[in-house]
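# A closer look at the structure
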Amino acid sequence: IRIRGKYPYELGELAETLNYMAKEIVRSNQIKDDFISSISHELRTPLTGIKGWSETLTIGGFDPEETRLGIGIISKETDRLIGLVEEMLDFSKLQQNEMKLVISRVNLKELLQETMLNVWAKAEQKGIQIKLEDETEQPVTVMGDGNRLKQVFLNLVDNAIKFSHENSWIHLVVSLKEDNRVLVQVVDSGIGISEEHLNKVKDRFFQVNHQGGGTGLGLAITQQLVELHHGDIDLQSELGVGTTVLVELPLAEPEEQTGEEDLAST
Ligand code: ADP
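The structure presented is a predicted model; accordingly, all values stated were derived computationally and were not measured. (Residues numbered from 1 in each chain as written. Predicted model: local features only at pLDDT ≥ 70, side-chain atom pairs only at ≥ 80, totals over all residues. Heavy atoms only, no water.)

## Looking at the overall build of the protein chain
If you tally the helices and strands in the protein chain, you get 8 helices and 7 strands. Expressed as a percentage of the 266 residues in the protein chain, the buried residues total 36%. Contacts in the protein chain between residues far apart in sequence, at least 24 positions, make up 72% of those at least 6 positions apart. Accessible surface, the protein chain: about 16,900 Å² in total, of which carbon and sulfur atoms supply 53%. (Helix = DSSP H or I, 4+ residues; strand = E, 2+ residues; numbered from the N terminus. Buried < 20%, exposed > 50% of the residue type's maximum accessible area, 1.4 Å probe, protein only. Contact = heavy atoms within 4.5 Å. Areas by Shrake-Rupley, 256 points an atom, 1.4 Å probe, with all protein chains shown as cover.)

## A few points about unusual backbone geometry
A positive phi angle, close to 55°, is found at Asn 167, a residue other than glycine. Looking at Asn 167, the relative accessible area reads 63%, which means it is exposed. Not every positive phi belongs to a glycine, and Asp 179 is a case in point at roughly 60°. Checked against the element boundaries, Asp 179 lands in the loop between strand S4 (169–177) and strand S5 (181–188).

## So, the environment of Glu 133
Secondary-structure assignment places Glu 133 in strand S2 (residues 129–134). The exposure class of Glu 133 is partly exposed, given its relative accessible area of 25%. A polar contact is formed between the side chain of Glu 133 and the side chain of His 171, at a distance of 2.9 Å. (Polar contact = N/O pair within 3.5 Å; in protein donor to acceptor, adjacent residues only side chain to side chain.)

## Quick notes on the site of the ligand
Close to the ligand lie 15 residues; Asn 159, Asp 188, Thr 215, Gly 216 and Leu 219 are nearest. In this structure, Asp 188 approaches the ligand through a side-chain N or O atom, which is 2.9 Å from a nitrogen atom. For the ligand, an oxygen atom lies 3.2 Å from a polar atom in the side chain of His 197. In isolation the ligand offers 540 Å² of accessible surface; the protein chains occlude 88% of this area. Every element with two or more residues in the shell around the ligand is listed here: helix H5 (146–162), helix H6 (195–207) and helix H7 (217–228). When grouped by side-chain class, the residues that make up the shell around the ligand number 5 nonpolar, 7 polar and 3 charged. (Near = heavy atom within 4 Å. Nonpolar A, V, L, I, M, F, W, Y, C, P; charged D, E, K, R; others polar.)

Okay, structure coming up:
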């Protein structure tokens, strides 16, 4: 839109706003197109494995060991598909503001221990040691949805394992910050991210842009879940040195003594 001549200042401003909106629509359509193309690619890969193995097994004539191998691959690829579909559903719920959190008091250190147990086997396979470094020396409670917070840390630790070298380490560092906040750092000594790629990843993760391989949904979902919990997330990385993801969350108010407890103690 171009406005010529002597028009009130507001009209020029309106034209500028409309131009900006038009550009945003083009940009967001481009993001959607990129997203559909990367998600289709991610869905296609496990489907190809499932189709290939089920057709092969239908022919028959394999010994039990080969049959088990084929069925094992079908099952693993199906899990991958389920994971992808769940990610897409979560992402869509978050985009539409429809993610419902079930809020309760969550013991954060216990949740991190559970997260470590969940990924233990995966880390063990690569000889990676995961350690919780507690700098707080006190219970750390946050108000939040335990399952969703677990999803946040599982995703971060899972990435850390994925991008770490064999026989390396991952540290989960918990410390207290000002303004009643807790900081959890997921530190790895893995392949790291180059400055250029870090900007792209942050772009993807902050603006949900999907370029290159993968769906890029993992960090985008993680970021939005942290923000739903009134927290902040940041990513720092150096190529060849490692990556640290910083998650800051508000601490829960101290629990008030209930009447029942008062009665019980008298
Ligand atoms: P995807 O689900 O496609 O892997 P994520 O959103 O989880 O997407 O991560 C986006 C990208 O960020 C990854 O493909 C990878 O390039 C980079 N990344 C994330 N975590 C790490 C890490 N700990 N070390 C190195 N690179 C990482």
